[in-house]
Amino acid sequence: MDRTLRQLAFGAVLAAMTGTGALAQDKLQMQMNWTADSAHLGFAVAQVNGIYADHDLDVQLVEGRGSAVAAQIVATGQTELGYADTGATLNVASKGAPIRIISTIWKSGQFGIQYLAASGIKEPKDLIGKKLAVSPGSAMLPLIPVFLRANGIEESQVEIVSAAESAFIGLLTSGQVDAVSQTPENIVVPLKAQGVEAGNMYFYNHGVPIASLALVAREDKLQANPDAYKRFVKATALGWQEAMKNPEAAVDALLKVFPETGHSRENLLKSAEYSFASVCPGGSGDVIGVTDDETWASMYKVMTTAMELPDAKPVTDYYTLDYVPADPVTCP
């Protein structure tokens, strides 16, 4: 090899090592479901720790205004990805929007039943003869009968009290109700800040499998660049895995990416526990971002019978497992 060729070869190797001349990163924007909180820790870690960059991705995380809005923005092609509630996404898709769920990040929703530790409630059947507060028009309301039936409880055996969610903590601490239906982040965490211990039962773990936050993309964009979406799903799963290994660093990453968030570091750390439980409802070894076909079928039954989702389409029209990693990323 003559000197000129050797110089060219050396330059090519150097460019590869330094990144000069490397292929351009794929730019992806993700519309979030809401403003930054513990539901976004894994994304922040993937951003700050360079996991997205390592997967040749230039990712922009945009705070949102609700899951339905995020799904609609994806549907209209204004963004490459959305992070939205599965129920809201399927509602948008059922109206003809060309979108599909490519990964379930919160494999279980945080919806459930919360109660004071001193109440003696530990399992669903302990609610028999008790007062349960539910907000009228809330997403939890249609799931209560499904939850009760799944646990062998007649609706007449539990007194349902209609109340505003803003009153739940006061109703619990004053003893006016025995339990409420909300999320642990909105009930258990603030009660703990007051020095009051509270317990939680997820619907997901008690017969009502409903996934919550998921990654959504438009079908034509998926077809145009499938590899970029596969890399994003894998990098995001790795981000969540790292977040669970080091929650404090994950919260610091979130505060770095979103310094104007209204959540304190202390509350984000407390909430992280429940976000991680939603990502890994099966505990250590659970596969991050993947809900299997059997569970999807069960969820769809709940959505079409209790949540008024039309059943005109098969559930397989709404999700795909084609973009999750071939080598599973598992919960630590």
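All residue numbers refer to position in the chain's written sequence, counted from 1. Local features in this predicted model are restricted to residues of pLDDT 70 or higher, and side-chain atom pairs are both shown and tallied only at a pLDDT of 80 or more, whereas totals for entire chains, interfaces and linings draw on every residue. Computation of side-chain values: all heavy atoms of the structure, hydrogens and water removed.

Trainee: Lay out the sheet that holds strand β8 (residues 179-182) in plain terms, naming residues and giving numbers.
Mentor: Strands qualify as paired when DSSP identifies two bridges or more between them. Where helices and strands are cited, they refer to DSSP runs of H or I of at least four residues and of E of at least two residues respectively, numbered from the N terminus. The strand order β7-β6-β8-β5-β9 describes an open sheet built from 5 strands, whose pairing is mixed. Bordering the open sheet on either side are β7 (159-162) and β9 (198-202), each of which pairs with just one other strand. Neighbour to neighbour, the strand axes of the sheet diverge by 30 degrees on average, direction disregarded. The sheet contact formed by strand β5 (residues 112-116) and β8 spans 4 bridges and is antiparallel. Note that in β8 the partner of Tyr-115 across the bridge is Ala-179. Structural elements are reduced to axes, namely lines fitted to C-alpha atoms, with helices fitted over the stretch in contact, and the angle between N-to-C directions of any two is expressed from 0 to 180 degrees.

Trainee: Give me the lowdown on the pattern of salt bridges, citing residues and values where you can.
Mentor: The term salt bridge refers to a side-chain nitrogen of Lys or Arg lying within 4 Å of a carboxyl oxygen of Asp or Glu. For the structure on display, the rule yields 9 salt bridges. Of the charged contacts in the structure, one is a salt bridge between Glu-266 and Lys-270, with a shortest N-O distance of 3.3 Å. Here Glu-266 pairs with Lys-270, and both are found in helix α12 (residues 265-279), just 4 residues apart, close to one helical turn.

Trainee: Can you explain unusual backbone geometry? Please cite residues and give values.
Mentor: For Asp-56, which is not a glycine, the phi torsion comes out positive at approximately 60 degrees. With respect to the helices and strands, the residue Asp-56 is situated in the loop between α3 (51-54) and β2 (57-62). Classification of Asp-56 as partly exposed rests on a relative accessible area of 42%. Only protein chains enter the area calculation, which uses a 1.4 Å probe; residues under 20% of their type maximum are buried, those over 50% are exposed, and those in between are partly exposed.

Trainee: Explain the pairing of strand β1 (residues 26-31) residue by residue, including any values.
Mentor: Each regular strand displays side chains that alternate between the two surfaces of the sheet. Across 6 bridges, β1 lies against β2 in parallel orientation. Within the sheet, the bridge partner assigned to Gln-29 lies in β2 and is Gln-60. With 2 bridges joining them, β1 and strand β3 (residues 81-85) adopt parallel strand pairing. Counterpart to Gln-31 in the pairing with β3 is Gly-82.

Trainee: I'd love a proper account of the environment of Asp-178, names of residues and values included.
Mentor: Its location among the elements puts Asp-178 in the loop between α7 (168-173) and β8. For Asp-178, a relative accessible area of 25% gives the class partly exposed. Expressed as a C-alpha distance, the spacing of Asp-178 and Phe-258, which sit 80 residues apart in the sequence, is 37 Å. Residues are treated as being in contact if the distance between any of their heavy atoms lies within 4.5 Å. Contacts of Asp-178, omitting those with residues within four sequence positions, involve Tyr-115, Leu-116, Ser-119, Ile-121, Lys-130, Lys-131 and Leu-172. Here a polar contact is taken to be a pair of N or O atoms separated by no more than 3.5 Å, where protein atoms must pair a possible hydrogen donor with a possible acceptor and residues adjacent in sequence count only if both atoms sit in side chains. Within the structure, Asp-178 has its side chain in polar contact with the backbone nitrogen of Lys-131 (distance 2.7 Å).

Trainee: Lay out the sheet that holds β3 in plain terms, naming residues and giving numbers.
Mentor: The 5 strands lie next to each other as β2-β1-β3-β10-β4, forming an open sheet whose pairing is mixed. Two strands in the sheet have a free side with no partner beyond their single neighbour: β2 and β4 (99-104). If you compare each strand with its neighbour and ignore which way they point, the axes differ by 30 degrees on average. Sheet topology places β4 next to strand β10 (residues 213-218); 5 bridges connect them, and they run antiparallel. By the bridge assignment for β10, Thr-104 is matched with Ala-214. Of the strands in this sheet, β1, β2, β3 and β10 are in contact with helix α2 (residues 41-48), which crosses β2 at around 140 degrees.

Trainee: Outline the side chain of Arg-231, supporting the account with residue identities and numerical values.
Mentor: By the element assignment, Arg-231 lies in helix α10 (residues 226-245). Here Arg-231 falls in the buried class, since its relative accessible area comes to 16%. Side-chain polar atoms of Arg-231 contact the side chain of Asp-227, separated by 2.8 Å. Residue contacts for Arg-231: discarding those within four places in its chain leaves Asp-26, His-55, Asp-56 and Leu-57.

Trainee: I'd like a description of the nonpolar core, backed by residues and values.
Mentor: The nonpolar side chains of a soluble globular protein tend to be buried, and buried together. The biggest cluster of nonpolar side chains holds 48 residues, and the ones touching the most others in it are Phe-43, Phe-232 and Trp-240. The greatest single-element share of this core, amounting to 9 residues, is contributed by α10. Among all residues touching Phe-232, those that are not within four sequence positions of it are Leu-28, Met-30, Phe-43, Tyr-52, Leu-57, Val-59, Leu-81 and Leu-215. Here, the term nonpolar core denotes a set of buried Ala, Val, Leu, Ile, Met, Phe, Trp, Tyr and Cys residues that are joined through side-chain atoms within 4.5 Å. Formed by 43 residues, the second largest nonpolar core is a distinct cluster that contains Ile-101, Met-201, Val-216 and Tyr-319.

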